[in-house]
Structures are given as C-alpha cells and as structure tokens.
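Each chain is listed here by its residues.
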Amino acid sequence: MKITAGIGSADAYIPCVEAGAQEMFCGYVPADWMEKYGIFLPLNRREVLYYPVQIGARSELQILGSMKEVYGVPVTITLNSLYYTPEQYPILAAYIEQCVQDGFSSFIVADMALLVYLHAQGIDRHIQLHISGELSEVNRLTIAQCKQLGAQRIIFHRKTTLADMHACTAAQPELEYEAFVLNEMCHFHGAFCSSLHCDELPHACLIPYKLGGAYDSIYSQEKPCDEPVRARVGQSGCGLCALWRMKQAGIAYGKLVSRGNFLEETVRDIRAFRAALDIVEASASETDFQAQMKKQLFPDGCSGACYYPVNRVQ
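Summarised in this report is the structure supplied together with it. (Residues numbered from 1 in each chain as written. Predicted model: local features only at pLDDT ≥ 70, side-chain atom pairs only at ≥ 80, totals over all residues. Heavy atoms only, no water.)

Take helix α4 (residues 88-101) next. For α4, built from 14 residues, the straight-helix expectation of 20 Å at 1.5 Å per residue is met to within 8% by its first-to-last C-alpha distance of 20 Å. Listing the buried residues of α4 in full gives Gln88, Tyr89, Leu92, Ala93, Tyr95, Ile96 and Cys99. For α4, the buried positions fall inside an angular range of 160° around the axis, keeping them on one side. Once α4 finishes, Gly103 follows within two positions and takes phi at roughly 105°, a positive value. (Helix = DSSP H or I, 4+ residues; strand = E, 2+ residues; numbered from the N terminus. Expected span 1.5 Å × (residues − 1). Buried < 20%, exposed > 50% of the residue type's maximum accessible area, 1.4 Å probe, protein only. Arc of directions from axis to C-beta.)

Even without being glycine, Arg45 reaches a positive phi, approximately 65°. By secondary structure assignment, the location of Arg45 is in the loop between α2 (31-37) and β3 (54-55). Unlike most non-glycine residues, Asn183 shows phi in positive territory, near 80°. Considering the arrangement of structural elements, one finds Asn183 in the loop between β8 (176-182) and α8 (243-248).

In this model, helix α3 (residues 58-71) (14 residues) spans 20 Å end to end at C-alpha, consistent with the 20 Å of a helix rising 1.5 Å per residue. Two residues or fewer after α3 comes Gly72, characterised by a positive phi angle close to 75°.

With that settled, consider the side chain of Thr76. Within the fold, Thr76 resides in strand β4 (residues 75-79). There is a polar contact of 2.9 Å between the side chain of Thr76 and the side chain of Ser106. The residues touching Thr76, leaving out its near neighbours within four places in the chain, are Glu23, Met24, Phe25, Cys26, Ser106, Phe107, Ile108 and His130. (Polar contact = N/O pair within 3.5 Å; in protein donor to acceptor, adjacent residues only side chain to side chain. Contact = heavy atoms within 4.5 Å.)

The final tally for this structure, using the stated rule, is 15 salt bridges. In this structure, Lys68 engages Glu69 in a salt bridge whose closest nitrogen and oxygen atoms are separated by 3.6 Å. Classification of Lys68 as buried rests on a relative accessible area of 12%. The salt bridge partner of Arg153 is Glu178, with a shortest N-O separation of 2.8 Å. With Arg153 in strand β7 (residues 151-155) and Glu178 in strand β8, the pair connects residues that are 25 residues apart, well separated along the chain. (Salt bridge = Lys/Arg side-chain N within 4 Å of Asp/Glu carboxyl O.)

On to the pairing of strand β1 (residues 2-6), then. β1 sits mainly inside the fold: 4 of its 5 residues count as buried. Of the strand pairs in this sheet, β1 and strand β9 (residues 253-256) are connected by 4 bridges, and their pairing is parallel. Looking at β9, one finds that Thr4 is bridged to Lys255. Both β1 and strand β2 (residues 23-28) contribute to a ladder of 3 bridges, which runs parallel. By the bridge assignment for β2, Ala5 is matched with Met24. Since β1 and β2 lie parallel, the crossover through helix α1 (residues 13-19) that links them has a hand, and here it is right-handed. (Pairing = 2+ DSSP bridges. Right-handed = clockwise from strand over helix to strand, strands pointing away.)

This next bit is on the packing of α4 against helix α5 (residues 112-120). Packing of α4 against α5 leaves a shortest axis separation of 11 Å and a crossing angle of 70°. By the angle class used here, α4 and α5 are roughly perpendicular. For the crossing formed where α4 meets α5, the hand is right-handed. Counted together, Tyr89, Pro90, Leu92, Ala93 and Ile96 of α4 and Ala113, Leu114, Tyr117 and Leu118 of α5 form the full contact between these two elements. Across the contact of α4 with α5, the residue classes tally to 9 nonpolar, no polar and no charged. (Axes fitted to C-alpha atoms, helices over the stretch in contact; angles between N-to-C directions. Parallel < 35°, antiparallel > 145°, perpendicular 65-115°, else oblique. Left-handed = near helix turned anticlockwise from the far one by under 90°. Nonpolar A, V, L, I, M, F, W, Y, C, P; charged D, E, K, R; others polar.)

Further remarks concern the nonpolar core. Met24, Leu79, Leu240 and Leu243 are the most contacted members of the largest nonpolar core, which has 89 residues in total. The leading source of residues in this core is helix α9 (residues 263-282), at 8 residues. (Core = buried A, V, L, I, M, F, W, Y, C linked by side-chain atoms within 4.5 Å.)

Don't take any of this as a statement about function, it's just geometry.
Quick look at the structure:
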C-alpha cells in the first residue's frame, strides 16, 4: 500500500516526501474562479484563503510541478465539488489543460456529470481520473459505470465497510483502489454534506455536537474546554489497525487527510503510517500485526476514533 497525503501548499511537498509519502493530492483554486464564483459555486468545496488548504496561484502550481519532476512523487489535483453549472464545464476543461501544461496528469473528480463531460470530449484519454470519496460510490455497479467513463481509481468514501471494499475490488480487480486511513472521520459524509468550507463561516463539523448510540464512546466533538487533549496519531479518525484487512481487500493506496493541518502533524502522521505498513510487511498473521501495533505504535492506547473498528488498541 502506498501513502497518499494531502497538502495545502507547495512548501509542504518536500517535508512530506522526506517523511515517506509516495503520492500527494492538493487543490488549486485560481483567483479568477474565486472572483467569479466565490464560495457558492465552488471548485473544491474548500474555498479557504487564510490558511493553507489550497494552492491559489498558478506560479505556486508551477513551482510544485517542478518539485514533482525532481523528486518523482506524483501529485493529483482535486475537483471535489459535487456539481457544477453548465457554463463551468468548458472552463474546467481549460483548467485541466492548464494543469497538464504545468506537469499534472491526474485528477480527483466528485461530480459524475463532469466525468461524463470529460469522457464525451475525449479528455479522459489524456489524463488519469480518480473517483473522489465525495461522490459516495455505493456499489460495484456504480464503480463499473465510472470505469466505463474513464476512471482508473476508486477512492472509497469514509463509511465504506471492509466487507464492501472487498466485494467491490473483487468485482473490478483491474481498477486501483484507495481508502481513508488517517484523520477527518466526518459524520456528515462528503456526498451528503451541505456545509461550506470557507473563510466566512465555520463548517458544520466544527460546531459542538454529540453523537448518540454506537458513537458515544468513539467520537464526540463535545469536550469540556479545560480537558487536556493528548495528541495521538489519528486523533480525528484512524484506520491503522485495519491495514492488514485492507491489504487483503486489495486497497493499494491509503489516504491521509491533512490539507489545512499543521505541517509537523502531517509529517508525524506519515511517519506513523509508514511504520504501520512496515509492521504489516513484517507480520506473519493479523494477530501478530495487532500485537506489534500495540507494542510499537500504541503502547499507551490509540485515539479510539476508529474508521473500521477491527480491534481497537486499548
């Protein structure tokens, strides 16, 4: 499995490469798009300017492209809006062409209609298309349709179970598959989130709330303000203990959500992810893997914010 990390600026590229990331993804929102469409017809649903979530200047994109040529670690450009207006599709085609000119050939797409448009225009034959977890693929029939439209990789959404992953990868083994492993276990589920990620308003997942039922002891944003929060890997979502089963399910890429996070936290997470993958390779069985995870990575227990609660480390 390869580690795919999100970056919010070109400055994060080299530290992430040196930490062990084997692939990265980032957003690029040009100033003219922001001026024309703002936050209500977003390019990425992450129209944030006051901290590094997106690349906002073509010059920075070109710098990142030059870094990529030197270090050889690929970067995928995200197009995460759930829908676009008809007038935006030709603009997006020109946007993709500009990114290709600057050295980027792979794109994450969340809008099925955009996938149809790119296929109809023949653009999909010249680029690599990854289906965003925001699209919320629901079954192997959806995945087969995406494949017909030129998709080469499926990114499973956050709520996909390990059993469902296995069923889908078995049905379409020729595709690449990616799954969330660290951070941002969002309850609102990308495809069904109507919140805005922007400078002007806090997005819904930052508003204090408490989940009931099965989530009571796993993940709650409602904490006393004077309660010390211990920094742990995967504090806001962790699937490291499921890596053994994810490997068996055919997951070739592990997604580390990190755009907008502090760079030192991202570097820490990449190193922990790399260490966990090394444990997978060195283990003879899942039992051995779990024991070594507890011994080497989580001697004091894990965050408890489990994506796939296979065997939470206490």
